[in-house]
Amino acid sequence: MKIRLDLKNKAHRQRIKYVLGDFVMSNLAWFIYNIVRYQMGRVVGWPYLVSYLKSDMVIAGQIFFPLLMMVTYIFSGYYNNVVRKSRVQELLTTAASAVINTLLIFFLALINDVIGVRGSDYEMIFILWALLFGLVYLVRAIITNHASAAIKSRRWSFPTLVVGSGAAAVAFVDKLNRRKQSSGHDIMGFVNIPGENPVKGNPLPCYELDELQEVCSQQGIWELIVVPSRDDTPQTMDAINRLYALDLPILISPEYFNKLQTPVTISDLYGEPLVNISRSNMSDSGKNIKRALDIVTSVIALIALLPVYAIVALIIKRTSPGPILYKQERVGLHNKPFNIIKFRSMVQNAEVGGRPQLSSDDDPRITPFGRFMRKYRIDELPQFWNVLKGEMSLVGPRPERRYYIDQITPLVPAYSLLHQVRPGITSMGMVKFGYAKNLDEMVERVKYDLMYLNNMSLLNDIKILIYTIKIVFTGRGM
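The present account deals with the structure reproduced in this document. Along each chain, the written sequence defines residue order, and numbers are assigned to residues from 1. Selection of residues for local features in this predicted model requires a pLDDT of at least 70, selection of side-chain atom pairs for listing and counting requires 80 or more, and totals for whole chains, interfaces and linings are taken over all residues. With hydrogens and water set aside, each side-chain value is computed from the structure's full complement of heavy atoms.

1. Focus on the pattern of salt bridges
Close approach of charged atoms lets side chains of opposite charge pair. Between Lys or Arg on one side and Asp or Glu on the other, a salt bridge is scored when a side-chain nitrogen of the former is within 4 Å of a carboxyl oxygen of the latter. Evaluated as defined, the whole model comprises 12 salt bridges. Here Lys290 and Asp461 are joined by a salt bridge, their closest N and O atoms 2.5 Å apart. Pair noted here: Lys290 is in helix H10 (residues 284-304) and Asp461 is in helix H17 (residues 458-474), with a separation of 171 residues, a long-range link. The exposure classification of Lys290 matches that of Asp461, with both residues buried. Between Lys389 and Glu391 there is a salt bridge, with its nearest N and O atoms 3.3 Å apart. Exposure classes here rest on a 1.4 Å probe applied to the protein chains alone. A residue is buried below 20% of its type maximum, exposed above 50%, and partly exposed in between. Residue Lys389 is classed as partly exposed on the basis of its relative accessible area of 48%. Here a helix means four or more residues in a row that DSSP labels H or I, a strand means two or more in a row labelled E, and each is numbered from the N terminus.

Structure representation (structure tokens):
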């Protein structure tokens, strides 16, 4: 019997299985290790062992260290994607987590072990790593193999829509259905891309782009697969742009992804080579650490900069009529709009008729103090609030307004890929290029942001932050 899985409920149940399995096995590994550790101390006799295991120090460790291990598992990104897992990646992630936990425990507790005579440090470290890796991986592999077998045997399937309704889309679905082992896609229908010729007589329903939000909600859609008949049309890129707002995995063929002129990362989809363009190349652990650093840094900044905020607010109020803060709608993660917050650096009602206008160095709309703020990027400081809310990151592609996105995308189709990640207060484009004064310069700056996307890493984020600090202190913001 085929089970159509609800995305949220299934992911929630799988995550609970993994978390409980990890916690139980981590506790068991630490408990066994304490017994081995005691026995290696050349002290014999069950009464002594029981007395040792009941000691306050061992009990405290039995509570603290498994919890510490769980923190490592969370930051490793293992719980980010819990339904479709690569078993190779699972093996490597588990081994790396065991290494980190072993080293943490060694330097926190074992380096000055109270047991006088025991094995060498190398023996103790290897035994602890082997227990942590072996027991945790055993349960993880059982859970993952059960899910994998259920998917391949078509007992589990995930409601999927194919974006495209032409001959290529229909042929793709036929190919999926002929496979002996299922890839897990339960095709619920097609989505018409404007300009295509839908195949007549197709038994599956064909929806319009405007219906997607409602259809995905009603049918619990899990994934979207883009299979256009003509992949070089503006309509196709517009369709992909609109898909990001649904906050679902967006998969396309490697051939089409190559045309976006960006490196290909093949998703592990049980033999069907598709590329997930709704997620960046950064590892899950990198994403988790990046978000944690965003939260910690923004909280510290918002508190530490309170005196600066107060002084800047007072100067703005006294030197120019109008509000202190300026909010403007930008497009962020998954193509969703949000209000970016800045200190107002222009005169009130700077955009006549509401039509977006880019600024220049000698723009008369910029106030005298606003010019000073923009030079030292002081006007950007309130955006730490956007970072804390999860709308932005410290480092990421610079968010633009929909008006300009609609003009940039036909010129640089790969711009759509920037919506995979949170936009940033600073970016490679801002560091290497600065503010754009016209559409051509915006297109040029986008190339740097795409370069950042293709090379996302915590190290590159640190480099960009260092360059940004240098720009701020040297006053090269404009």
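2. What about the packing of aromatic side chains?
Here a pair means two rings of Phe, Tyr or Trp (six-membered ring of Trp) with centres within 6.5 Å. Their orientation is stacked below 30 degrees between planes, edge-to-face above 60, and tilted elsewhere. According to the stated counting rule, one finds 14 aromatic pairs in the structure shown. Among the aromatic residues, ring-to-ring pairing joins Trp30, Tyr33, Phe64 and Phe65 into one connected group. Lysine NZ or arginine CZ positioned within 6 Å of the ring centre and within 35 degrees of the ring normal marks a charge as sitting over the ring. Taking NZ or CZ as reference, Lys85 lies 3.7 Å from the ring centre of Tyr78, over its face.

3. Here we look at the nonpolar core
As used here, the term nonpolar core means buried Ala, Val, Leu, Ile, Met, Phe, Trp, Tyr and Cys residues forming a set that is joined through side-chain atoms within 4.5 Å. Membership of the largest hydrophobic core comes to 65 residues, with the highest contact counts inside it found for Leu161, Leu212, Cys216, Leu224, Leu243, Ile277 and Phe384. With residues up to four places along the chain from it excluded, the contact list for Phe384 reads Ser298, Ala301, Leu302, Leu305, Tyr309, Leu394 and Ile425. Membership of the second largest hydrophobic core comes to 34 residues, among which are Tyr18, Tyr73, Tyr78 and Tyr79. Pairs of residues are marked as contacts when any of their non-hydrogen atoms sit within 4.5 Å.

4. Structural notes on the packing of H10 against helix H11 (residues 306-319)
Each axis is a line fitted through C-alpha atoms, taken for helices only over the stretch in contact, and angles between the N-to-C directions span 0 to 180 degrees. For the pair H10 and H11, interaxial distance at closest approach is 4 Å and the crossing angle is 55°. With respect to H11, the element H10 is oriented oblique. Listed contacts from H11 to Leu302, Ile303 and Ala304 of H10 are Leu306, Pro307 and Tyr309. Amino acids are sorted into nonpolar (Ala, Val, Leu, Ile, Met, Phe, Trp, Tyr, Cys and Pro), charged (Asp, Glu, Lys and Arg) and polar (every other residue, Gly among them). The residue inventory of the contact of H10 with H11, partitioned by class, reads 6 nonpolar, no polar and no charged. Here roughly perpendicular refers to angles of 65 to 115 degrees, roughly parallel to angles under 35, roughly antiparallel to angles over 145, and oblique to all remaining angles.

5. A look at the environment of Tyr452
Positionally, Tyr452 belongs in helix H16 (residues 439-454). Taking the C-alpha atoms as reference points, Tyr452 and Ser427, 25 residues apart in sequence, are found 8.0 Å from one another. Excluding its chain neighbours within four sequence positions, the residues that come into contact with Tyr452 are Lys290, Val395, Gly396, Pro397, Met428, Asp461 and Ile464.

6. A short note on the environment of Ile74
Mapped onto the elements, Ile74 comes out in helix H3 (residues 56-75). Dropping the residues within four chain positions of it, Ile74 is found in contact with Tyr79 and Asn288.

7. A look at a nonpolar patch on the surface
There is a patch of nonpolar side chains on the surface, built from Val71, Ile74, Phe75, Ile289 and Leu293 and spanning about 400 Å² of accessible area. Elements represented by at least two residues in the nonpolar patch include exactly H3 and H10. When residues in the nonpolar patch are grouped by element, the largest group, 3 residues, is from H3. Its relative accessible area of 46% is what places Ile74 among the partly exposed residues. Residues enter patches when their relative accessible area tops 30% and they take part in no salt bridge; the joining distance is 9 Å for like charges and 5 Å for the nonpolar side chains Val, Leu, Ile, Met, Phe, Trp and Tyr. Each accessible area is a Shrake-Rupley estimate made with a 1.4 Å probe; only the visible protein chains count as cover when residues are assessed.

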